[in-house]
Amino acid sequence: LDGHEEVEPDNIRALAEKASDAPEVQPCSLIYKSAQAAFLLALFELHDQGVSPVEKDMIINLAGRHTTVSFEPVPGTEFSAWSCMKSVLEKHRLVTRVEPGPRQKHQFSLTDAGVKWGLRVQQDYAR
């Protein structure tokens, strides 16, 4: 989970075939090293390793390696890289589930469209 592991070509092909069955996603540009791209890449890497759903802390730990945007709030605001998670959710690239209980932990996993975008981001980062 160090963010630098090689993904087996067979796994990429299998994921690409499964993702090709997903509904087309609305075109959108993901900026290299943006928080959104880092979230998708982190979740895709975890998904590829069979780790899903995942909690916020695990996503931040891995996504932080793929972006220069800080996950600490900007002084004087409540904005941080995590604030960008809303746009990823709105574009239906991942789903969230709230575990019942006093802490109500949020867990996140990729949709089929999210897997498709995650593969695209991974390929872009490999270049």
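Rules and cut-offs
- Residues numbered from 1 in each chain as written.
- Predicted model: local features only at pLDDT ≥ 70, side-chain atom pairs only at ≥ 80, totals over all residues.
- Heavy atoms only, no water.
- Core = buried A, V, L, I, M, F, W, Y, C linked by side-chain atoms within 4.5 Å.
- Buried < 20%, exposed > 50% of the residue type's maximum accessible area, 1.4 Å probe, protein only.
- Helix = DSSP H or I, 4+ residues; strand = E, 2+ residues; numbered from the N terminus.
- Contact = heavy atoms within 4.5 Å.
- Pairing = 2+ DSSP bridges.
- Patch = residues over 30% accessible without salt bridge, like charges linked within 9 Å, V, L, I, M, F, W, Y side chains within 5 Å.
- Areas by Shrake-Rupley, 256 points an atom, 1.4 Å probe, with all protein chains shown as cover.
- Salt bridge = Lys/Arg side-chain N within 4 Å of Asp/Glu carboxyl O.
- pLDDT = per-residue confidence, 0-100.
- Expected span 1.5 Å × (residues − 1).
- Phe/Tyr/Trp six-rings, centres within 6.5 Å; stacked < 30°, edge-to-face > 60°.
- Lys NZ or Arg CZ within 6 Å of the ring centre and 35° of its normal.

Asker: Any chance you could explain the nonpolar core here in plain terms?
Answerer: A general tendency of soluble globular proteins is for nonpolar side chains to be buried together. F39, I59 and M85 are the most contacted members of the largest nonpolar core, which totals 28 residues. Taken together, the elements giving at least two residues each to this core come down to α2 (35-48), α3 (56-63), α4 (85-90), β3 (106-110) and α5 (112-126). Broken down by element, this core gets its largest block of residues, 10 residues, from α2. Setting aside residues up to four positions removed in sequence, I59 forms contacts with F39, A42, L43, V54, G64, W82, M85 and F108.

Asker: In this structure, what is going on with the sheet that holds strand β1 (residues 54-55)? I would like to understand it.
Answerer: Within a sheet, neighbouring strands are paired by backbone hydrogen bonds and run either parallel or antiparallel to one another. Overall, antiparallel pairing links the 3 strands, which are arranged β1-β3-β2 in an open sheet. What marks the edges here is a single partner per strand, and that holds for β1 and β2 (94-98). In this structure, β1 lies alongside β3, joined through 2 bridges in antiparallel fashion. Counted as the bridge partner of E55 is Q107 from β3.

Asker: Got a minute to help me understand the environment of Q36 in this structure?
Answerer: Its location among the elements puts Q36 in helix α2. Take Q36: its relative accessible area is 23%, and that puts it in the partly exposed class.

Asker: Looking at this structure, I do not really get a nonpolar patch on the surface. What am I missing?
Answerer: Together, V69, V74 and F79 make up an exposed nonpolar region whose accessible area comes to about 220 Å². Looking at the secondary structure, you find V69 in the loop between α3 and α4. Judged by relative accessible area, which is 32%, V69 ranks as partly exposed.

Asker: How should the confidence of the model for the protein be read in this particular structure?
Answerer: Low pLDDT marks regions whose predicted coordinates should not be analysed in detail. This prediction gives the protein a mean pLDDT of 75; 76% of its residues lie at or above 70. Contacts for the low-pLDDT stretch residues 1-9, under 50 throughout, to residues beyond four places or in other chains number 14 contacts. Confidence drops under pLDDT 50 across residues 22-29; counting only partners more than four residues distant or on other chains, this segment forms 12 contacts.

Asker: When you look at α2 in this model, what are you seeing that I'm missing?
Answerer: Three- or four-residue spacings in an α-helix give side chains the same orientation, since the helix completes a turn every 3.6 residues. Relative to the 20 Å expected for 14 residues at 1.5 Å per residue, α2 spans 20 Å between its end C-alpha atoms, a close match to the ideal helical length. Counting buried residues in α2 gives 11 out of 14 residues, a clear majority hidden from the surface. The complete set of buried residues in α2 reads A35, A37, A38, F39, L40, L41, A42, L43, F44, E45 and L46. Looking one or two places after α2, you find G50, whose phi comes out positive at around 85°.

Asker: Before we go on, may I ask you to explain the packing of aromatic side chains in this structure?
Answerer: Centre distance and the angle of the planes are the two values used to describe a pair of aromatic rings. Within this structure, the stated rule accounts for 3 aromatic pairs. When the ring of W82 is compared with that of F108, the centres are 5.5 Å apart and the planes differ by 80°; the resulting orientation is edge-to-face. Taken as a pair, W82 in the loop between α3 and α4 and F108 in strand β3 lie far apart in primary sequence, 26 residues in all. Both residues of the pair, W82 and F108, belong to the buried class. Members of the aromatic cluster, each reached through a chain of ring pairs, are F39, F71, W82 and F108. Between the NZ or CZ atom of R93 and the centre of the ring of W117, over which it lies, the distance is 4.2 Å.

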